[in-house]
Amino acid sequence: MENQKKRQAAYMKRSLLDQGYLDEQFIHLEELQDDANPNFVEEVVKLYYTDSARYVRNIELALENGPYDFARLDNMMYQFKGSSSSIGARRVKRHCSQFQEYCNAKNIEGCRNTFQEVKQEYDTLKTKLETYFQMER
Amino acid sequence: MEMAQELHVLAVDDSHVDRKVIERLLKISCCKVTAVESGTRALQYLGLDGEKSTMGIDGLKVNLILTDYSMPGMTGYELLKKIKESSVLSKIPVVIMSSEKILPRIDRCLEEGAEEFLLKPVKLSDVKRLRDFILRGEGDDNKETEKNIKQVCSRKRKFQDDSTTQSMLSAVVTAHDIESSSPESSASSESLQPLSKQSKIG
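Residues numbered from 1 in each chain as written. Chains lettered and ligands numbered in written order. Predicted model: local features only at pLDDT ≥ 70, side-chain atom pairs only at ≥ 80, totals over all residues. Heavy atoms only, no water.

*Asks:* It is not clear to me how the overall build of chain B should be interpreted in this structure. Could you clarify?
*Replies:* Secondary structure summary: chain B contains seven helices and five strands in total. Starting at the N terminus and walking to the C terminus, you meet the elements of chain B as β-α-β-α-β-α-β-α-β-α-α-α. Burial statistics for chain B: of 202 residues in total, 51% are counted as buried. As displayed, chain B has an accessible area near 9700 Å², and 51% of this comes from carbon and sulfur atoms. (Helix = DSSP H or I, 4+ residues; strand = E, 2+ residues; numbered from the N terminus. Buried < 20%, exposed > 50% of the residue type's maximum accessible area, 1.4 Å probe, protein only. Areas by Shrake-Rupley, 256 points an atom, 1.4 Å probe, with all protein chains shown as cover.)

Right under this line is the structure:
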């Protein structure tokens, strides 16, 4: 039973890596785990969820009405991108970068559309990681 | 007072996630960590803000400051400048971390006296390399300490038992971890309490 769960978890992780949801940073984080700190990655990811909720909310508010402060939008997304990068959230990070490009171009519609994609990728990843950690425990 | 057997690193980063990760990297590398969320907090901790520092004894000496570049309020660069301008603290090596590889930024930091510029996400190999570099530079007759730390550190990783090694290393009171206000912040694993009054920086 135990081994089957482990195999499933390993398989899921492989799949998340292959499909580009995660990159090698996630693996680096797992390498930091040991018997004394077995849930380190899950703890980091939980922090990521908390921080992300805040970033997303703030960006949403800033996208609501003009005048749009693109420098501020860019900065907020930069922070979200940073956290995403720190846990290896590859797809989320990529969409964050796209958002930043639209900020540079001062294209609010582009920002809005890309932001929806960021949120979607984030939600997808969150769901998959929750499944993964359940298997891992 | 004899040199503390573990390096004490002050980590500065506004991101909860990054603070947690850097803290883990440093602990695995057998460093004592104090993690704060801003340049202002860092200066307070170091006693540079004019008010009395929360830490005032030798045992809490900081051997390395590892700071993020982009932070709200005071940037890592501004923090670096303040440290290098201080007669008391200018000798402490400062390393800047950033997720952006902007060459003029890197140059500016190095010119201002930063020891190194690390690209995020920071790797364990980066931290170990820093630790070894600092160990080599700290004090004159340090070869014995450097060897000891490396031996104990690799033993620690092998047997994966943090608590035993902690008490082996610290016979004297050294700094504890002051966590910034992070709900998930891992509690300090040290059983020794510092002599000075503790206040939470958060």
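After presenting the structure, the write-up continues.
*Asks:* Would you mind showing me how to read the interface of chain B and chain A here?
*Replies:* Counting residues at the interface gives 23 residues for chain B and 25 residues for chain A. Summed over the shared surface of chain B and chain A, the result is two salt bridges. A salt bridge links D34(A) to R24(B); its shortest N-O distance comes to 3.0 Å. Counting every contact that joins chain B to chain A gives eight residue pairs in polar contact (both at pLDDT 80 or more). (Contact = heavy atoms within 4.5 Å. Salt bridge = Lys/Arg side-chain N within 4 Å of Asp/Glu carboxyl O. Polar contact = N/O pair within 3.5 Å; in protein donor to acceptor, adjacent residues only side chain to side chain.)

*Asks:* In this structure, what is going on with the UniProt feature "domain: HPt" (unreviewed entry) in chain A? I would like to understand it.
*Replies:* The feature "domain: HPt" (unreviewed entry), as given by UniProt, occupies residues 37-132 of chain A in the numbering adopted here. End C-alpha to end C-alpha, residues 37-132 of chain A measures 18 Å, and it is 86% helix and 0% strand. (UniProt positions renumbered as here; feature names shortened; annotations may be inferred.)

*Asks:* Would you explain the side chain of T34(B) in this entry?
*Replies:* Residue and element names in this part refer to chain B. Counting through the fold element by element, T34 comes out in strand β2 (residues 31-36). The class for T34 is buried, based on a relative accessible area of 0%. A polar contact of 2.7 Å, which involves the side chain of T34, links it to the side chain of H8.

*Asks:* Would you mind going over the confidence of the model for chain B with me for this structure?
*Replies:* Note that predicted coordinates carrying low pLDDT should not be read in detail. Residue and element names in this part refer to chain B. Of the residues in chain B, 66% have a pLDDT of 70 or more, and the chain-wide mean is 77. For residues 160-202, every residue scores under 50 in pLDDT, and the model assigns this stretch 91 contacts once sequence neighbours within four places are set aside. As a predicted assembly, this complex carries a pTM of 0.81 together with an ipTM value of 0.94. (pLDDT = per-residue confidence, 0-100.)

*Asks:* Honestly, the UniProt feature "modified residue: 4-aspartylphosphate" (unreviewed entry) in chain B in this entry has me stumped. Any pointers?
*Replies:* Residue and element names in this part refer to chain B. Mapped onto this structure's residue numbering, the UniProt feature "modified residue: 4-aspartylphosphate" (unreviewed entry) falls at D68. Tracing the sequence through the fold places D68 in strand β3 (residues 64-68). According to the relative accessible area criterion, D68 is buried, its value standing at 5%. Other than its neighbours up to four places away in sequence, D68 contacts V12, D13, D14, G76, M97, S98 and K120.

*Asks:* Mind showing me how you'd approach the pattern of salt bridges here?
*Replies:* Pairing of side chains with opposite charge becomes possible as their charged atoms draw close. Summed over the entire model, instances satisfying the criterion amount to 22 salt bridges over all chains. Where E60(A) meets K119(A), a salt bridge forms, and the shortest distance between an N and an O atom there is 2.6 Å. With a gap of 59 residues between them, E60(A) in helix α3 (residues 40-64) and K119(A) in helix α6 (residues 108-136) connect regions that are remote in the sequence. Look at E60(A) and you get partly exposed, because its relative accessible area is 25%. For K119(A), a relative accessible area of 19% corresponds to the buried category. Residues R41(B) and E37(B) are paired through a salt bridge, measuring 3.9 Å at the closest nitrogen-oxygen approach. Judged by relative accessible area, which is 23%, R41(B) ranks as partly exposed. Its relative accessible area of 22% is what places E37(B) among the partly exposed residues.

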